[in-house]
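The lines below spell out each chain.
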Amino acid sequence: MKKLNRENIDSQALYPIKVVQFGEGNFLRAFVDYAFQRLNNELNFNAGVAVVQPLEGGMVDMLNDQDGLYTLFMNGVKKNEKIQNIELIKNIVKGINPFTDYKAFLDLAKEEELQFIISNTTEAGIEFIDSDTPEMEPPVAFPARLTVLLYERFKHFNGNPNKGLTIIPCELINYNAATLKDIILQYCDLWNLDNSFKTWLLESCTYHNTLVDRIVPGYPKNEIEEYNSKLDYQDNLIVTAEPFFLWVIEGDEALKQKLPFHKTDLNVKIVDDMQSFRTLKVRILNGAHTAMVPFSLLYGNETVRQTVDGDFTGAFVNHVIAEINDTLPFDKSEVLAYSDEVMDRFRNPFIIHKLADIALNTVSKFKVRVLPSLLQYVEKKNSLPIHLTYSLACLIQFYKGTWKNEALPINDGADIVAFFKEAWSSNDLNKVAKATLENTEFWGKDLTKVIGLSEAVVSGLTDIEANGIEKGFVAFKNKFNS
């Protein structure tokens, strides 16, 4: 088969760069880049995307090798019929690795038609690192790199207010844009940058909190021959996603004019306040996802669908969602309808969503997605939620790194991995639980202060180590109910 590139598919024309995107992973390619392609196709939006690799071990070389092209398969079920839509995404103009070509990264600031900054660097990405300096090539933290890029643009265009940018982060933390904006301003102060630059940031750039919702399993490694059989070219960057799509962006009429999604049928909502959308989605869909990963991997499952279809694991996830639902201050029928939709999406027969692939940064994800439900359940009911508490014990067990003499797919920061290695070195479950729960860098608070939580986690760890996940949970639950 012919190689996928612009020459072989006769697509030589490149859009002008209107979007700089920090991140080249599956989600952004199946979500944001797809959304901008819809604008291009339907409204002649004429927006090209320049992708910036956020990590040294990224994949922009693979992207550039295909001239930014890749195929998106959207797989699902409608009225009990399997559906599959295939789209060649063609709006990525270039991929840049700032670790090997820092000048190319800085040159993005000079793009005349640049309007938007998009990012998805995971929950751990929007951070302030006070050791970052503007002379580093590149700085470590994503917000530091963005500050450098914005300052380059400010200087190149002499502070022209019309060259400000619309900044739309997609990281799954609450008030993601507001947090990013605050950190950018922190770097301005740390680096003693011009006050006129800070004014430009505040008056000429806009920052928009967002919520993103689409399950993206990514590259279909185990079914790749079947997928390739539907193409007449060789694509090494195929990405799969569900048809469901929701992008909620906080903004006003001016943003609607900049991003005219309302003229398409794509489910993009530009609203004054997105908090109700965010809470429902992050707590239920993402919370269930994150809570199930360590638990289900330790049980022996490999995919989300296996988990929700299993007699024991499926029932456990349903109970997790029920405990989450008990904390939500929304209409119960609305909550139940969304919960049912989430379980249907988890069961999508096309979606081979590997648990190991969504185990990235599980600690920070648990803090954002699961811990608020656990704490609010305690506050509301004056008791611990059995299933959410057990899922926390499973997380700690998972970060031991091995289970039944096999390595587990830990994928987190070196400091977090080192912490758990040290904590587990004693094999004293009381010490492991105490060290983990009192780590305020993980959770934002000392969880040993939550009445009964330390004892429950130690009990869960004891039962897991003695009996495994299923029998361990039975023993754990019986203690709760006794």
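A word on the nonpolar core
By size, the foremost hydrophobic cluster in this structure holds 69 residues, and its most contacted members are Ile-284, Phe-346, Tyr-390, Phe-420, Trp-443 and Val-457. Looking at this core element by element, the count peaks at ten residues for helix H10 (residues 275-299). Residues in contact with Phe-346, not counting those within four places in the same chain, are Ile-215, Leu-285, Ala-288, His-289, Met-292, Val-304, Arg-305 and Val-308. Counting 43 residues, the second-largest nonpolar core is a separate cluster that includes Ala-109, Ala-144, Leu-149 and Leu-201.

Some remarks on the environment of Ser-296
Relative to the helices and strands, Ser-296 resides in helix H10. Look at Ser-296 and you get buried, because its relative accessible area is 0%. Sequence-wise, Ser-296 and Leu-43 are 253 residues apart; in three dimensions their C-alpha atoms are separated by 44 Å. In contact with Ser-296, not counting residues within four places along its chain, are Asn-301, Thr-307 and Leu-355.

A short note on the sheet that holds strand E13 (residues 246-250)
Spatially, the three strands line up as an open sheet ordered E10-E13-E14, and their pairing is mixed. Where the open sheet ends on each side, the last strands, each with one partner, are strand E10 (210-213) and strand E14 (268-271). Sheet twist, expressed as the mean angle between neighbouring strand axes with direction ignored, is 10°. Relative to E13, E10 runs antiparallel, the two being bridged by four bridges. Along E13, the bridge assignment pairs Asp-213 with Leu-246.

What about the sheet that holds strand E3 (residues 48-52)?
Pairing is parallel across the open sheet formed by six strands, whose spatial order is E6-E3-E2-E7-E8-E9. If you trace the sheet from one side to the other, it starts and ends with strand E6 (92-96) and strand E9 (206-207), each paired once. Where strand E2 (residues 17-22) and E3 come together, five bridges link them in parallel fashion. When the bridges of E3 are listed, Val-20 appears paired with Ala-50. Relative to the sheet, helix H5 (residues 142-156) contacts E2, strand E7 (116-119) and strand E8 (166-169), its axis offset from that of E2 by approximately 155°.

Describing helix H18 (residues 429-437)
Those residues of H18 lying buried are Leu-429, Val-432, Ala-433, Thr-436 and Leu-437. All buried residues of H18 project into a common sector of 110° when viewed along the axis, lining one side. Pointing more than 90 degrees away from the buried face of H18 are the exposed residues Asn-430 and Lys-431. Next to the buried residues of H18 lie helix H16 (386-398), helix H17 (414-424), helix H19 (440-443) and helix H20 (453-481). If you check the start of H18, you find a side-chain oxygen 3.0 Å away from the backbone N of Asn-430, and it comes from Asp-428.

Notes on the packing of aromatic side chains
Counting across every chain of the model gives 36 aromatic pairs. Between the aromatic rings of Phe-295 and Phe-312, the centroid separation amounts to 5.7 Å while the plane-to-plane angle is 55°, which identifies the pairing as tilted. In this pair, Phe-295 is assigned in helix H10 and Phe-312 in helix H12 (residues 311-325), connecting sequence segments 17 residues apart. Accessibility classification places Phe-295 together with Phe-312 in one group, the buried group. Between Tyr-299 and Phe-312 the ring centres are 5.5 Å apart and the planes differ by 45°, which places this aromatic pair in the tilted class. Of this pair, Tyr-299 sits in helix H10 while Phe-312 sits in helix H12; the two residues are 13 residues apart in sequence, bridging distant segments of the chain. Of the residues examined, Tyr-299 reaches a relative accessible area of 33% and is grouped as partly exposed. We classify Phe-312 as buried; its relative accessible area is 14%. A network of ring pairs unites the aromatic residues Phe-295, Tyr-299, Phe-312, Phe-316, Tyr-390, Phe-473, Phe-476 and Phe-480 as a single cluster. Over the face of the ring belonging to Phe-350 we find Lys-82, whose NZ or CZ atom lies 5.6 Å from the ring centre.

Focus: the pattern of salt bridges
The full count for this structure, using the stated rule, is 18 salt bridges. Where Asp-189 meets Lys-198, a salt bridge forms, and the shortest distance between an N and an O atom there is 2.6 Å. On the basis of relative accessible area, Asp-189 is assigned to the partly exposed category, the value being 47%. Given the relative accessible area of 23%, Lys-198 is considered partly exposed. Counted as one network, the salt bridges with shared partners bring together Arg-38, Glu-42 and Asp-265.

A word on the pairing of E13
Burial runs high along E13: five of the five residues are buried. The alternating pattern of E13 places Leu-246, Val-248 and Glu-250 on one face and Trp-247 and Ile-249 on the opposite face, and all of these are buried. Regarding the hand of the β-α-β motif, the stretch spanning E13, helix H9 (residues 253-258) and E14 is right-handed.

Things to note about the environment of Lys-163
Within the fold, Lys-163 resides in the loop between H5 and E8. Overall, Lys-163 belongs to the buried group, its relative accessible area being 15%. Residues Lys-163 and Arg-153, ten residues apart in the sequence, show an inter-C-alpha distance of 7.8 Å. For Lys-163, the side chain forms a polar contact with the main-chain oxygen of Glu-112, separated by 2.9 Å.

A few points about unusual backbone geometry
Note the cis peptide between Glu-137 and Pro-138, where omega equals 0°. Structurally, Pro-138 can be placed in the loop between E7 and H5. The phi dihedral of Asp-67 is positive, around 55°, even though this residue is not glycine. Within the chain, Asn-405 stands out as a residue other than glycine whose phi angle is a positive 65°. Assignment of secondary structure puts Asn-405 in the loop between strand E15 (402-403) and strand E16 (406-407). Accessibility expressed as a relative area gives 83% for Asn-405, which makes it exposed.

Cut-offs used in this document
- Residues numbered from 1 in each chain as written.
- Predicted model: local features only at pLDDT ≥ 70, side-chain atom pairs only at ≥ 80, totals over all residues.
- Heavy atoms only, no water.
- Core = buried A, V, L, I, M, F, W, Y, C linked by side-chain atoms within 4.5 Å.
- Buried < 20%, exposed > 50% of the residue type's maximum accessible area, 1.4 Å probe, protein only.
- Helix = DSSP H or I, 4+ residues; strand = E, 2+ residues; numbered from the N terminus.
- Contact = heavy atoms within 4.5 Å.
- Pairing = 2+ DSSP bridges.
- Axes fitted to C-alpha atoms, helices over the stretch in contact; angles between N-to-C directions.
- Arc of directions from axis to C-beta.
- Polar contact = N/O pair within 3.5 Å; in protein donor to acceptor, adjacent residues only side chain to side chain.
- Phe/Tyr/Trp six-rings, centres within 6.5 Å; stacked < 30°, edge-to-face > 60°.
- Lys NZ or Arg CZ within 6 Å of the ring centre and 35° of its normal.
- Salt bridge = Lys/Arg side-chain N within 4 Å of Asp/Glu carboxyl O.
- Right-handed = clockwise from strand over helix to strand, strands pointing away.

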